[in-house]
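# Tertiary structure, described
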Amino acid sequence: MASDVEIANRALSKLGDKTIVSLTEDSNSARAINECYVLVRKNEIRRHPWHFAKKRALLAASATAPAFDFSYAYPLPSDCLRVLMPHPESDSVQYDGKVDWKLEGRSILSDQAGPLKITYLADVTDSEQFDSAFVDTFAARLAAEVSMRLTGSAEKRKLALEEYRMSLLEARRVNAFEQFSIERPMGDWEIARL
């Protein structure tokens, strides 16, 4: 796919700025990109359930239980950016139709005995793992973030934000086509109607 520098240069070219050789080079463009690169990457991965960033984990309970309401605390993996909603039929996360866990800080609180099964979005730092649609979206977002600093033009920022929105819509559409829908079982009422 694309390297960090290639992603940065895509963002800079969207603004009509000079390309860079390294994120740490001594130029205004490199400093502007470098200051926001990691934060924007994490934020963009967190915003949408990108397939390349999905991971599964079996969490062990912490030795320290929550003070009240729940029996167990499960520390999140260090690379977890967002816990995805579990599948509704998963017996490890649901009792009587009610999800039995709550996210608090960097832990999941639950009455469910471990291990707790989760699917989450991981902080993928290797840009070679990024989906090509994500690369376009990420570069467009970087361009929007640094546009005022590098160009001083509100119009260029507006255009960069619009390009980001369009890129995000397209990336989400493509990502959704790769998602297989799971047919939920019919309830008693639906069966009776047949």
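Here, every reference points to the structure presented above.
The text that follows walks through the structure, step by step, so that each part is easy to find. Along every chain, residues carry numbers that run from 1 in the direction the sequence is written. Residue-level local features of this predicted model are given only where pLDDT is at least 70; pairs of side-chain atoms are given and counted only at 80 or more, and the full residue set underlies all totals for whole chains, interfaces and linings. Note that the side-chain values use all heavy atoms of the structure and ignore hydrogens as well as water.

### A short note on the overall build of the protein
We apply this condition: A helix here means a DSSP run of H or I that spans at least four residues, while a strand means a run of E at least two residues long, and both kinds are numbered starting from the N terminus. In this analysis, two residues are considered to be in contact whenever any of their non-hydrogen atoms come within 4.5 Å of each other. Calculation of accessible area relied on Shrake-Rupley with a 1.4 Å probe; when residues are assessed, cover is drawn exclusively from the protein chains displayed.
Across its full length, the protein holds five helices and eight strands. Reading the helices (α) and strands (β) of the protein from amino to carboxyl end gives α-α-β-β-β-β-β-β-β-β-α-α-α. At a minimum sequence separation of 6, the contacts of the protein that also span at least 24 residues come to 69%. Looking at the protein as shown, the accessible area adds up to about 11800 Å², and 53% of this sits on carbon and sulfur atoms.

### Description of helix H1 (residues 4-14)
Where we set the bar: Each residue is assigned to one of three classes by its accessible area relative to the maximum for its type, calculated with a 1.4 Å probe on protein chains only: buried under 20%, partly exposed between the two thresholds, exposed over 50%.
Turning to H1, its buried residues number three or more, namely Ile7, Ala8, Asn9, Ala11 and Leu12. Just beyond H1, the residue with positive phi is Gly16, at close to 75 degrees.

### Comments concerning unusual backbone geometry
Despite not being glycine, Asp69 has its phi angle at roughly 75 degrees, a positive value. Locating Asp69 in the fold gives a position in the loop between strand S1 (54-59) and strand S2 (72-75). For Asp69, a relative accessible area of 61% translates into the label exposed.

### Some words on the packing of H1 against helix H3 (residues 132-151)
Put simply, the test is: Angles shown run from 0 to 180 degrees and are taken between the N-to-C directions of axes, each axis being a line fitted to C-alpha atoms and, for helices, limited to the stretch in contact. Note on angle classes: values under 35 degrees are labelled roughly parallel, values over 145 roughly antiparallel, values of 65 to 115 roughly perpendicular, and the remainder oblique. Helix crossings get a hand from a simple test, with the near helix turned counterclockwise from the far one by less than a right angle marking a left-handed crossing and a clockwise turn marking a right-handed one. Gly counts as polar in this scheme, as do all residues outside two lists: the nonpolar Ala, Val, Leu, Ile, Met, Phe, Trp, Tyr, Cys and Pro, and the charged Asp, Glu, Lys and Arg.
For the pair H1 and H3, interaxial distance at closest approach is 8 Å and the crossing angle is 55 degrees. Regarding the angle of H1 to H3, the classification is oblique. Handedness of the H1/H3 crossing: right-handed. Residues Ile7, Arg10, Ala11, Leu12 and Lys14 of H1 touch H3, and the partners they reach there are Val135, Asp136, Phe138, Ala139, Ala140, Leu142, Ala143 and Leu150. Of the residues that constitute the contact of H1 with H3, the class distribution is 10 nonpolar, no polar and three charged.

### Here's the deal with the sheet that holds strand S6 (residues 101-104)
Strand pairing in a sheet relies on backbone hydrogen bonds. The paired strands run either parallel or antiparallel. What counts, and what does not: A pair of strands is treated as paired once DSSP finds two or more bridges between them.
Strand order in the open sheet formed by three strands is S2-S7-S6, and the pairing between neighbours is antiparallel. Across the chains shown, the open sheet's two edge strands, defined by having one partner strand only, are S2 and S6. Looking at each pair of strands side by side, their axes are set apart by 25 degrees on average, direction ignored. Across four bridges, S6 lies against strand S7 (residues 107-110) in antiparallel orientation. Following the sheet pairing, Trp101 is matched in S7 by Ser110.

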